[in-house]
Amino acid sequence: MQRKGGRRRDPDGQDAEAVEQVLDELYATPPSAFVPRREERAAAARTAGRKEDARRIHAARRPTLAAWAANLLTRSRPEETRRFLELGQALREAHRTLDAAGLKDLSAQRRHIVAVLSQQAAQLAREAGQRLSPTAQREVESTLRAVLADPDAADRWAGGRLETSLTPPSAFPSAIPSGTAPPEPARTGPRATGRPKSPRTASGTRTKDELAERRRERREERERAEQEAERAERHLRDARAEQTDAQESLRRADDELGRVRETVAAAEERLRAAHEDFERAERERREAEERERTAADAVAGAEREARASARRVDRPAGRDR
């Protein structure tokens, strides 16, 4: 329905909300109520003629419990969120510049703040009627560590619309012991200064290098396998969430079909009764027409009889005269 000035209104008479506000509202909704609320808001947008908004709202995917708790944290604790994002930026900068002292201090802050914020997220979830399992609690902590390590993850979390928990990169820096010099860049050519290595020393160095290379390859292979397993787990959670959404949509469609069937059955019953009333009225009309014809014939016969009687009465009177 249109308001004066061309502003759309929802059927309940309220001004149509911007789709971004609706999405923010959805991702602050507990996962158990996400799908019904999403369908309600999408239907309101369609009714208001905002088809593109309805499409975007309907495309929103229900967050996991851990992702919802992380969203709740960034929405409910804006000041802590800002400081946490600043800590992540400082950590990444310290790692980039190989600031050993800075890394040690910031890493200690990281462990403490991740623990505190994950507990706050669990408390917020309980206040909203949702209890985090130990697995969900670990996923919240994983998301917070990812936010510190990865600027893209930080941006996603700050948006407050996570659908699944985040995984920190395996190469995120740990604290460098105080007094340890940053590692020197690897040299690809011969040493510029110093005595040449003896054959035995060179052989031992090559063996150590080969062992280190094999360890590095095994570590990278293990990390790739862990990342692949994590991606598979996320896909499984997404698929399960999508299945739940589909089941909910099917249930609503079945309910609607049942209501339509009841409406059709009632309409068919009314139509059958109307046909019976029509046929009864037709029979009564035919019977009335038959009675009317019989009565008309009786009237005509009576009129003829009356005229004949009148003529018989008139004839004797004429002879007497």
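Just so you know, the residues in each chain are numbered from 1, in the order the chain's sequence is written. Per-residue local features of the predicted model are confined to residues with pLDDT of at least 70, and side-chain atom pairs are confined, for both listing and counting, to 80 or more; whole-chain, interface and lining totals are unaffected and use all residues. With hydrogens and water set aside, each side-chain value is computed from the structure's full complement of heavy atoms.

Asker: A description of the overall build of the protein should follow, citing residues and the corresponding values.
Answerer: Under the DSSP-based scheme used, a helix requires at least four consecutive residues in state H or I and a strand at least two consecutive residues in state E, with every element numbered from the N terminus. When its secondary structure is counted, the protein shows nine helices and zero strands. Counting from the amino terminus, the protein carries its helices and strands in the arrangement α-α-α-α-α-α-α-α-α. Between buried and exposed lies partly exposed: a residue is buried under 20% and exposed over 50% of the maximum accessible area for its type, with that area taken using a 1.4 Å probe on protein chains only. In the protein, which comprises 321 residues, the share counted as buried stands at 26%. Contacts between residues were defined by any pair of non-hydrogen atoms, one from each residue, lying within 4.5 Å. Sequence-distant contacts in the protein: of pairs separated by 6 or more residues, those separated by 24 or more amount to 68%.

Asker: Give me the side chain of Asp-53: which residues, what numbers.
Answerer: By the secondary structure assignment, Asp-53 is in helix 3 (residues 51-59). Excluding residues within four positions of it along the chain, Asp-53 makes contact with Val-19 and Ala-45.

Asker: Go over the pattern of salt bridges, please, and point to the residues and values.
Answerer: Any carboxyl oxygen of Asp or Glu that lies within 4 Å of a side-chain nitrogen of Lys or Arg is treated as forming a salt bridge with it. One pass over the structure, following the stated rule, counts 21 salt bridges. Between Arg-56 and Glu-20 there is a salt bridge; the shortest N-O distance is 3.0 Å. Placement of Arg-56 in helix 3 and of Glu-20 in helix 1 (residues 19-27) is noted, with a sequence separation of 36 residues between them. Look at Glu-20 and you get partly exposed, because its relative accessible area is 35%. Between Glu-256 and Arg-259 there is a salt bridge, with the nearest N and O atoms lying 2.4 Å from each other. Linking Glu-256 with Arg-259, this pair stays in helix 9 (residues 199-320), spanning three residues, or about one helical turn. Owing to a relative accessible area of 46%, Arg-259 belongs among the partly exposed residues under this scheme.

Asker: Tell me about the packing of helix 1 against helix 3, and please be specific about residues and values.
Answerer: Between helix 1 and helix 3, the shortest axis-to-axis distance is 10 Å and the interhelical angle comes to 20°. By the angle class used here, helix 1 and helix 3 are roughly parallel. In the crossing of helix 1 with helix 3, the sense of the turn from one axis to the other is right-handed. Only Asp-53, Arg-56 and Ile-57 of helix 3 make contact with helix 1, whose side of the interface consists of Val-19, Glu-20, Val-22, Leu-23 and Leu-26. Each residue gets one label: Ala, Val, Leu, Ile, Met, Phe, Trp, Tyr, Cys and Pro are nonpolar, Asp, Glu, Lys and Arg are charged, and the others, such as Gly, are polar. Split into classes, the residues belonging to the contact of helix 1 with helix 3 amount to five nonpolar, no polar and three charged. Axis definition: a line fit to C-alpha positions, over the contact stretch in the case of helices; interaxial angles, taken between N-to-C directions, run 0 to 180 degrees. Here is the rule for angles: anything less than 35 degrees is roughly parallel, anything more than 145 is roughly antiparallel, 65 through 115 is roughly perpendicular, and the remaining ranges are oblique. Should the near helix be turned counterclockwise from the far one by less than a right angle, the crossing is left-handed, whereas a clockwise turn marks it as right-handed.

Asker: Can you explain the confidence of the model for the protein? Please cite residues and give values.
Answerer: Averaged over the protein, the pLDDT score is 77; the fraction of residues at 70 or greater is 74%. Confidence scores per residue from the predictor, reported as pLDDT, run from 0 to 100. Residue range residues 1-16 is modelled with pLDDT below 50. Its contacts to residues more than four positions away, or to other chains, number 24 contacts. Overall, residues 173-197 carries pLDDT values under 50, and its contacts beyond four positions in sequence, including any with other chains, amount to 17 contacts.

Asker: Provide a residue-level description of the packing of aromatic side chains, including the pertinent values.
Answerer: Two aromatic rings from Phe, Tyr or Trp, using only the six-membered ring of Trp, form a pair when their centres are within 6.5 Å; if the ring planes differ by under 30 degrees the pair is stacked, by over 60 it is edge-to-face, and anything between is tilted. Across all of its chains, the model carries two aromatic pairs by this definition. Taking 5.5 Å as the distance between ring centres and 55° as the angle between the ring planes, the aromatic pair formed by Tyr-27 and Phe-34 counts as tilted. Each of the two residues, Tyr-27 as well as Phe-34, counts as buried. Where Phe-84 meets Trp-157, the ring centres are 5.7 Å apart and the plane angle is 75°; that geometry is what we call edge-to-face. With Phe-84 in helix 5 (residues 78-96) and Trp-157 in helix 8 (residues 151-159), the pair connects residues that are 73 residues apart, well separated along the chain.

Asker: Could you give me a rundown of helix 7 (residues 134-149), with the residues and numbers involved?
Answerer: To estimate the expected span of a helix, subtract one from its residue number and multiply by 1.5 Å. With 16 residues, helix 7 extends 23 Å between its outermost C-alpha atoms, agreeing within 8% with the 22 Å of an ideal straight helix rising 1.5 Å per residue. Of all the residues in helix 7, the buried ones are Ala-136, Gln-137, Glu-139, Val-140, Ser-142, Thr-143, Leu-144, Ala-146, Val-147, Leu-148 and Ala-149.

Asker: A description of a positive patch on the surface should follow, citing residues and the corresponding values.
Answerer: To count toward a patch, a residue needs a relative accessible area over 30% and no salt bridge; like charges are then connected within 9 Å, while nonpolar side chains (Val, Leu, Ile, Met, Phe, Trp, Tyr) are connected within 5 Å. Note on areas: Shrake-Rupley with a 1.4 Å probe; residue coverage comes only from the protein chains shown. Positive charges come from Lys and Arg alone, negative charges from Asp and Glu alone, with His and the N- and C-terminal ends not counted. The atoms used to mark charge sites are NZ of Lys, CZ of Arg, CG of Asp and CD of Glu. Positive charge collects at one region of the surface, where Arg-214, Arg-215, Arg-218, Arg-219 and Arg-222 lie side by side. By the element assignment, Arg-215 lies in helix 9. Classification of Arg-215 by relative accessible area gives partly exposed; the value is 47%.

Asker: Give a detailed account of the packing of helix 1 against helix 2 (residues 31-47), specifying residues and quantitative values.
Answerer: Between helix 1 and helix 2, the shortest axis-to-axis distance is 10 Å and the interhelical angle comes to 165°. Our classification of the angle between helix 1 and helix 2 gives roughly antiparallel. For the element pair helix 1 and helix 2, the recorded crossing hand is right-handed. Here helix 1 contributes Val-22, Glu-25, Leu-26 and Tyr-27 to the contact with helix 2, which in turn contributes Phe-34, Arg-37, Arg-38 and Arg-41. Looking at the contact of helix 1 with helix 2 residue by residue, the class counts come to four nonpolar, no polar and four charged.

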